[in-house]
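# Report on the structure
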Amino acid sequence: MDFDPTEEQVLFSQMIDRFCQDRYGDGQRGQYLQEPWGFSADGWQILAESGVFALPIGEDRGGLGGSPADTVSVMTAFGRKLALEPLLGGPLLAGALLARMPESPLVASWIDKIIEGSGHLALAHAEAAARFRIDQVTTKFSESPSGPILDGKKTFVFGAGAASHFIVSAIPHAPADKTTKDQDSIRFFLVDGAADGVVRTDYRLTDGSIACELSLSSVPAQALDGRFGDLEAVVATNRIAASAEMVGIMEMLLDATVDYVKTRVQFGQPLGKFQVIQHRLADLYTSLEMCRSHLAAMAAADCACDEGRHQIIGSKAFIAEKARTLAEEAVQLHGGMGVTDELTIGHGLKRILVLATLWGDPDTDLMTYAQGTASQAV
């Protein structure tokens, strides 16, 4: 199998590098982070014009029809620069889910807005009682003469800083068929964040990005023809994207740490001259290479089947654990200054802590992976 990036993937990666070099100079990242949305609106439009938001959308819908490997190229470059734009929670999650739904005027309108960067959409699916189980939903919908009505609560709406509308998952208020599996009853609805009955609470995550809680009380909604299988496939590709961003951050952290120990003098010589430091850096480099291999395997996996999604869960658990360890080592080798706002080291650690628990923390994912492996062996 050829693991070399294609010409298009190289161009996308270079484009993201140039974007970050132009817009993420000294102090600019901190300024963007303090914006109400948690990122720069100007930067968002630049990315839209470059075609990045069209990546997960099929060519028949006006998108680029990008593969998981294409997404890996973009998100690895994003991670290397610690870019703030919520590509992961916006176009690569809510946009990707919408793009899997059957054609309709509502879906087509929103896909156009996402590609243009004029529409901000977030997925409201997670619930407190479900933990990391994506097949457990308690938010209810019922039919009224004017359309669907939603009641329930959603937590950790990722990438919600700029979202004006939400894709909300719900199950029937009174299921007609008691034999239907819960996951088969899950439906999706478009909700206006300013609609009556919506209570939205925004908050900052560890890395400074914005998520929100949604409380829905008799909220009017528009039905979307999506199914649970669509969500499973999109979550799998989102795991790949999050893993790619973590690998990009690992590359940045390791490079910065190697440069630092070459210049930081202790006991009359650079830290990098000490054999124990060299051994630790060699271990970190080995971890990074193993994560790159896992990422390549994830990009080649079939997100539409159980076996492929199972492989992706296990690989993300591995990358998340190695990324967290590398980030903690980078902070320790920098000393106390590693967690100051002046250096990117601490910011990289915070972002990894968020990404490592997206859709499941390493312990939960490893348990899921082990259970899946045992069931396949039977």
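For the structure, see preceding data.
This report concerns the structure included in the present document. (Residues numbered from 1 in each chain as written. Predicted model: local features only at pLDDT ≥ 70, side-chain atom pairs only at ≥ 80, totals over all residues. Heavy atoms only, no water.)

Mapping I210 onto the fold places it in strand β7 (residues 210-220). Put simply, I210 and F156 are 54 residues apart on the chain and 9.5 Å apart in space, counted from C-alpha to C-alpha. Once you skip the residues sitting within four places of it in the chain, I210 turns out to touch P36, W37, G38, V157, G159, A160, G161, D202, Y203 and R204. (Helix = DSSP H or I, 4+ residues; strand = E, 2+ residues; numbered from the N terminus. Contact = heavy atoms within 4.5 Å.)

If you look at the biggest cluster of nonpolar residues, it comprises 100 residues, and the most contacted ones within it are I16, V52, V74, M75, L98, I167 and L253. Per-element accounting of this core gives the leading share, 18 residues, to helix α7 (residues 228-263). If you look at the next biggest cluster of nonpolar residues, it comprises 19 residues, including A122, A124, V157 and A221. (Core = buried A, V, L, I, M, F, W, Y, C linked by side-chain atoms within 4.5 Å. Buried < 20%, exposed > 50% of the residue type's maximum accessible area, 1.4 Å probe, protein only.)

Time to look at the layout of surface pockets. Its boundaries defined by the atoms lining it, the largest pocket holds a volume of some 770 Å³. Split by residue class, the lining of the largest pocket holds nine nonpolar, seven polar and nine charged. (1 Å grid on protein atoms, 1.4 Å probe; cavity = no way out; pocket = protein on both sides within 12 Å on 5 of 7 lines; lining within 4 Å. Points joined across faces, edges and corners; volume = space filled by probe spheres on them. Nonpolar A, V, L, I, M, F, W, Y, C, P; charged D, E, K, R; others polar.)

Inspection of the entire model under this criterion finds 17 salt bridges. With its nearest N and O atoms 2.8 Å apart, the salt bridge here joins D135 to R133. The exposure class assigned to D135 is buried, which follows from its relative accessible area of 18%. Here D202 and R200 are joined by a salt bridge, their closest N and O atoms 2.8 Å apart. Judged by relative accessible area, R200 falls into the partly exposed class, the value being 28%. Connected via shared salt-bridge partners are D17, R80, E251, E289 and R292. (Salt bridge = Lys/Arg side-chain N within 4 Å of Asp/Glu carboxyl O.)

Mapped onto the secondary structure, T139 falls in the loop between β1 (121-124) and β2 (140-144). Overall, T139 belongs to the buried group, its relative accessible area being 0%. Beyond its immediate sequence surroundings of up to four residues, T139 is in contact with E127, D151, G152, K153, K154, S169, A170, I171 and L216.

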